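Spelled out from the first residue to the last, the chains are:
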Amino acid sequence: MKITYYGHSALLVESSEAAVIIDPFLSGNPKSGISPEDIKVDAVLLTHGHSDHLGDAIEISKNNNCPIFAVYELAEYCQIKGAQVKHMNIGGAHTYSGITVKYTQAFHSSSIQEGDTWIYTGQPAGILLTLGGKTLYHAGDTALFGDLRLIGERNAIDISALPIGDMLTMGPDDALLAARWLRAEKVIPLHYNTFPAIAQDGADFCDRLRQEGIEGFPLLPGESIEV
Ligand code: NI
Ligand code: MN
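Note that the coordinates shown come from a computational prediction; the quantities given were computed from them, not determined experimentally.

Let's shift gears to the coordination of the manganese ion (ligand 2). Protein-derived ligands of the manganese ion (ligand 2) are Asp52 (OD), His53 (NE2), Asp141 (OD) and His191 (NE2), with the metal-ligand distances lying across 2.1 to 2.2 Å. Along the chain, the residues donating to the manganese ion (ligand 2) fall in the pattern D-H-x87-D-x49-H. In this structure, the manganese ion (ligand 2) lies 3.1 Å from the nickel ion (ligand 1), and both are coordinated by Asp141. A residue pair is termed long-range when its members are at least 10 positions apart, and His53 in helix α1 (residues 51–54) and Asp141 in the loop between β12 (134–138) and α4 (148–154) qualify at 88 residues. Note on accessibility: His53 and Asp141 belong to one class, buried.

Now for the coordination of the nickel ion (ligand 1). Listed as protein donors to the nickel ion (ligand 1) are His48 (NE2), His50 (ND1), His108 (NE2) and Asp141 (OD); their distances from the metal cover 2.2 to 2.3 Å. Relative to the metal, the four donor atoms surrounding the nickel ion (ligand 1) lie at angles of 88 to 177 degrees, and the coordination shape comes out irregular. Between consecutive donors of the nickel ion (ligand 1), the numbers of intervening residues give the motif H-x1-H-x57-H-x32-D. By relative accessible area, His48 is classed as buried at 1%. Residue His108 is classed as partly exposed on the basis of its relative accessible area of 26%.

Glancing now at unusual backbone geometry. One non-glycine residue, Asp166, lies in positive phi territory at about 70 degrees. Note on placement: Asp166 falls in the loop between β13 (159–163) and α5 (172–181). In this structure, Asn193 takes a positive phi of about 65 degrees despite not being glycine. Residue position: Asn193 is located in the loop between β14 (186–190) and α6 (202–210).

Let us now look at the sheet that holds strand β4 (residues 43–45). Backbone hydrogen bonds hold the strands of a sheet together, and the pairing may be parallel or antiparallel. Sheet architecture is open: seven strands sit in the order β6-β5-β4-β3-β2-β1-β16, paired in mixed fashion. The strands lining the two open edges of the sheet, one partner per strand, are β6 (84–88) and β16 (224–226). In this sheet, adjacent strand axes meet at a mean angle of 20 degrees when their direction is disregarded. Pairing of strand β2 (residues 11–14) with strand β3 (residues 19–22), which is carried by four bridges, proceeds in the antiparallel orientation. Counterpart to Val13 in the pairing with β3 is Val20. Contacting β5 (67–71) and β6, helix α3 (residues 72–80) runs over the sheet at an angle of about 170 degrees to β6.

What follows covers the pairing of strand β11 (residues 125–131). Buried residues dominate β11, accounting for six of its seven residues. As defined by bridge partners, strand β8 (residues 99–105) adjoins β11 across six bridges and the pair is classed as antiparallel. Bridge pairing links Thr100 to Thr130 in β11. Relative to β12, β11 is paired through five bridges, and the arrangement is antiparallel. When the sheet's bridge partners are listed, Thr130 is paired in β12 with Thr135.

The pLDDT averaged across the protein works out to 98; a share of 100% of its residues lies at or above 70. Averaged pLDDT values for the elements of the protein fall to 97 in strand β9 (residues 111–114) and rise to 99 in β4.

Once that is clear, we can look at the environment of Glu185. Residue position: Glu185 is located in the loop between α5 and β14. With 146 residues separating them along the chain, Glu185 and Ile39 place their C-alpha atoms 29 Å apart. Excluding residues that lie within four positions of it along the chain, Glu185 makes contacts with Ile214 and Glu215.

Each value, and the rule that gives it
- Residues numbered from 1 in each chain as written.
- Chains lettered and ligands numbered in written order.
- Predicted model: local features only at pLDDT ≥ 70, side-chain atom pairs only at ≥ 80, totals over all residues.
- Heavy atoms only, no water.
- Donors = N, O, S within 2.8 Å, 3.2 Å for Na, K, Ca; no water.
- Helix = DSSP H or I, 4+ residues; strand = E, 2+ residues; numbered from the N terminus.
- Buried < 20%, exposed > 50% of the residue type's maximum accessible area, 1.4 Å probe, protein only.
- Tetrahedral: all angles 85-135°; square planar, octahedral: opposite > 155°, others 65-115°.
- Pairing = 2+ DSSP bridges.
- Axes fitted to C-alpha atoms, helices over the stretch in contact; angles between N-to-C directions.
- Contact = heavy atoms within 4.5 Å.
- pLDDT = per-residue confidence, 0-100.

What follows is the structure, given as structure tokens:
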């Protein structure tokens, strides 16, 4: 499994069989380093509806003639906008074209603003993605919660991607405990340094992980790792 970071919470995940992108906030993020037209994937996975996660999902789905996986209400929203979708909900798994996705709990909110109207888009989620025999856990936007232990206990996770930005999600202290509870061996920090309110030191977070025997990867946009 090859994982490429495109800033904020966006990860491109590829194997020899398939490619998917999670939370493709690209054109709206000056730090992403890539345009949505350059994304070639077999599926788009969304953790929740906030604009810094939905991003260019609909355009990428249309360009690639591929589905968007999302929690039911968000999937309906994307379908109304003309995308193909897979309706998911918390606790459910689905395999499509060699891509296995399971939606897990996240403690956050999920909504889209259109003009002066807020559309609520169901529960926010984390995602377990199994591709090419490896499993990635993308926590989405979440607070620390006790059932991260359950997720770690029930799944053989090869690599976890956890928010560390604080203010809108877990900060580094809580993410460190999350990594421990998940029994993580490898962690990619997400959702930081996109704007000043969520400034964090990714390298310092990864040093703290190392002290717990966990490998951390403070990827810069465009950087990849192979797991
Ligand atoms: Ni959010
Ligand atoms: Mn967010």
